Amino acid sequence: MTTSTDHSAIRITWIGVIANLLLTLLKLVVGVIGKSSALIADAAHSLSDLLTDAVALWALKVSQQPKDQNHPYGHGKFESMGTLIISSILFITGVGIAWQSLQKIDNPVTPDISTLWAALISIVVKEWMYHATVRVGKRTNSQVLIANAWHHRSDAISSVAAFIGIGLSQFGYPVMDPVTGVLVALIIIKMSITLSFSSARELTDTQPEEEVNEKVDKILQNIEEVVNYHEIRARKMGPYLLVDLHIQVDSAMSVSAAHQVAQRVQLDVLKKVPIIHEVLVHVDAEEDTELVNPKLMRSQKEIEREILDRLQNFNEIDQISHILCHFLNNQLTVQITINLNPDMTIRSAYKIAEKIQERVNGIEDVEDVDVHLELSREHKFQDLKFHLPQT
Ligand SMILES: [Zn+2]
Ligand SMILES: [Zn+2]
Ligand SMILES: [Zn+2]
């Protein structure tokens, strides 16, 4: 969005706020003096619009604030909280207005003709607001503004109802004024229930209605290294979505390679689904199992030390360059890479490997031993070298 379209969007929103404020005052004053339940109900409707606009503007500001220490997930939930509070106020207002109008049905009075004029002004202003807002909304391609515009039009319809009710009461059906008052109050109640449901859904982390899972599905299916995936979860944070998911990668992949796949998933999702603002990718090496084998839960450093211990005084081994533990299929396989004397024959290297397997296999939790020969003299994992005490 450029600054100028941003500007016109904010300006039309503020014009809407001011129009609602003036209409509320006009209809309330004229409604009370002219004794029209329908017009008072319509004034309450405009007041509730004013409140929701105020919360929307406030929430927009707060939820755009960057994360801080107290709100590490951002400030998006403030919008839902604000909406929930406002919708409760609306509900009470709606019930109050409906109750007041019902009281007057038994004993209706014909409202003053000025109330009819006030309703007409409200219709004209609201219909004009609809056209003005929808124009800016279409130009700036803003869904929020277009939704706002339609809200203005539904307000115009509420004023049309008040207008008809007051009009009929002028023609000798005074009961139509409070009846219309009840109808308009029901519109306010319905609005409050819809709002409170949507904010409650957001506050309780209900799976959002947006079709995010399908979109994320498609992205994951197109990344070759993702063998499988599960547990795609999304939750709403104000206007944004937070997503977390599990991917399964080749079990022999290194941690850094798996992290690279996770990063690609993350970047792709953020790029292709703009409503998602954060992605957390958990990497699995195999299908998740429920059970945790307590026997396989000891420290890998401890396993390394035990292996080194068993390979002591093994003079044929020049050096051990890597020891890797693989915890797959509920068992432990250790992969040991060694340097040998370059003049040695491959046949004798096999013999040494067998001896290593024999010794290391004796370790209780080791199911399988995989011996590899290191053929690069210098490589980047210098710090991983294990020096065997030679005798
Ligand atoms: Zn998993
Ligand atoms: Zn990371
Ligand atoms: Zn190596």
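For clarity, every value in this text was computed on a predicted model and none was experimentally measured.

A. Here's a closer look at the sheet that holds strand β4 (residues 317–328). Within the open sheet, the 3 strands sit side by side as β4-β5-β6. Their pairing is mixed. Strands with a single pairing partner mark the edges of an open sheet, and in this sheet they are β4 and β6 (366–373). The mean angle between the axes of side-by-side strands here comes to 20°, regardless of whether they run parallel or antiparallel. Strand direction decides the pairing type here: strand β5 (residues 331–340) and β6, joined by 7 bridges, are parallel. Looking across to β6, one finds that I338 is bridged to L373. Packed on one face of the sheet, helix α10 (residues 346–361) meets β4, β5 and β6 and runs near 155° to β6.

B. Layout of the pairing of β4. Of the strand pairs in this sheet, β4 and β5 are connected by 10 bridges, and their pairing is antiparallel. When the sheet's bridge partners are listed, I323 is paired in β5 with I336. Once β4 ends, the chain turns through 2 residues before running back antiparallel as β5, passing N329 with a positive phi of about 50°.

C. Spatial organisation of the sheet that holds strand β1 (residues 228–237). In spatial order, the strands read β1-β2-β3; together these 3 strands make up an open sheet with mixed pairing. The sheet is open, and its two edges are formed by β1 and β3 (276–284), each paired on a single side. Neighbour-to-neighbour, the strand axes of this sheet turn through a mean angle of 15°, independent of strand direction. By the bridge criterion, 8 bridges tie strand β2 (residues 240–248) to β3 in an arrangement that is parallel. Along β3, the bridge assignment pairs I247 with V283. Running at roughly 145° to β1, helix α7 (residues 212–221) makes contact with β1, β2 and β3 of the sheet.

D. Local environment of the packing of aromatic side chains. Throughout the structure, instances matching the rule amount to 1 aromatic pair. Look at Y130 and W150: their rings are 5.2 Å apart centre to centre, the planes differ by 65°, and that puts the pair in the edge-to-face class. With a gap of 20 residues between them, Y130 in helix α4 (residues 113–140) and W150 in helix α5 (residues 143–170) connect regions that are remote in the sequence. Y130 gets classed as buried once you look at its relative accessible area, which sits at 9%. Judged by relative accessible area, W150 falls into the partly exposed class, the value being 46%. Note that R153 overlies the ring of Y130, its terminal NZ or CZ placed 3.9 Å from the centroid.

E. Region of the structure containing the coordination of the zinc ion (ligand 1). The coordination sphere of the zinc ion (ligand 1), as far as protein atoms go, consists of H230 (NE2), H246 (ND1), D284 (OD) and D288 (OD), spread over 1.9 to 2.2 Å. Geometry at the zinc ion (ligand 1) is tetrahedral, judged from the 4 donor atoms that bind it and their angles of 85 to 125° at the metal. Residue D284 is classed as buried on the basis of its relative accessible area of 6%. Relative accessible area serves as the criterion here: at 40%, D288 is assigned to the partly exposed category.

F. Geometry of the pattern of salt bridges. Summed over all chains, the structure comprises 14 salt bridges. D42 is paired through a salt bridge with K27; the nearest N and O atoms lie 3.1 Å apart. Linking D42 in helix α2 (residues 37–63) with K27 in helix α1 (residues 3–34), this pair joins segments that are 15 residues apart in sequence. In this pair, the class of D42 matches that of K27, namely buried. The partner of D268 in a salt bridge is K272, with the nearest N and O atoms 3.2 Å apart.

G. Structural context of α10. With 16 residues, α10 extends 22 Å from end C-alpha to end C-alpha; this agrees with the ideal 22 Å at 1.5 Å per step. Burial in α10 covers these residues: A349, I352, A353, I356 and V360. Buried residues of α10 fall within an arc of 105° about the axis and therefore sit on the same side. What points out from α10, more than 90 degrees from its buried face, is the exposed set R347, Y350, K351 and E358.

Rules behind the numbers
Residues numbered from 1 in each chain as written. Chains lettered and ligands numbered in written order. Predicted model: local features only at pLDDT ≥ 70, side-chain atom pairs only at ≥ 80, totals over all residues. Heavy atoms only, no water. Pairing = 2+ DSSP bridges. Helix = DSSP H or I, 4+ residues; strand = E, 2+ residues; numbered from the N terminus. Axes fitted to C-alpha atoms, helices over the stretch in contact; angles between N-to-C directions. Contact = heavy atoms within 4.5 Å. Phe/Tyr/Trp six-rings, centres within 6.5 Å; stacked < 30°, edge-to-face > 60°. Buried < 20%, exposed > 50% of the residue type's maximum accessible area, 1.4 Å probe, protein only. Lys NZ or Arg CZ within 6 Å of the ring centre and 35° of its normal. Donors = N, O, S within 2.8 Å, 3.2 Å for Na, K, Ca; no water. Tetrahedral: all angles 85-135°; square planar, octahedral: opposite > 155°, others 65-115°. Salt bridge = Lys/Arg side-chain N within 4 Å of Asp/Glu carboxyl O. Expected span 1.5 Å × (residues − 1). Arc of directions from axis to C-beta.

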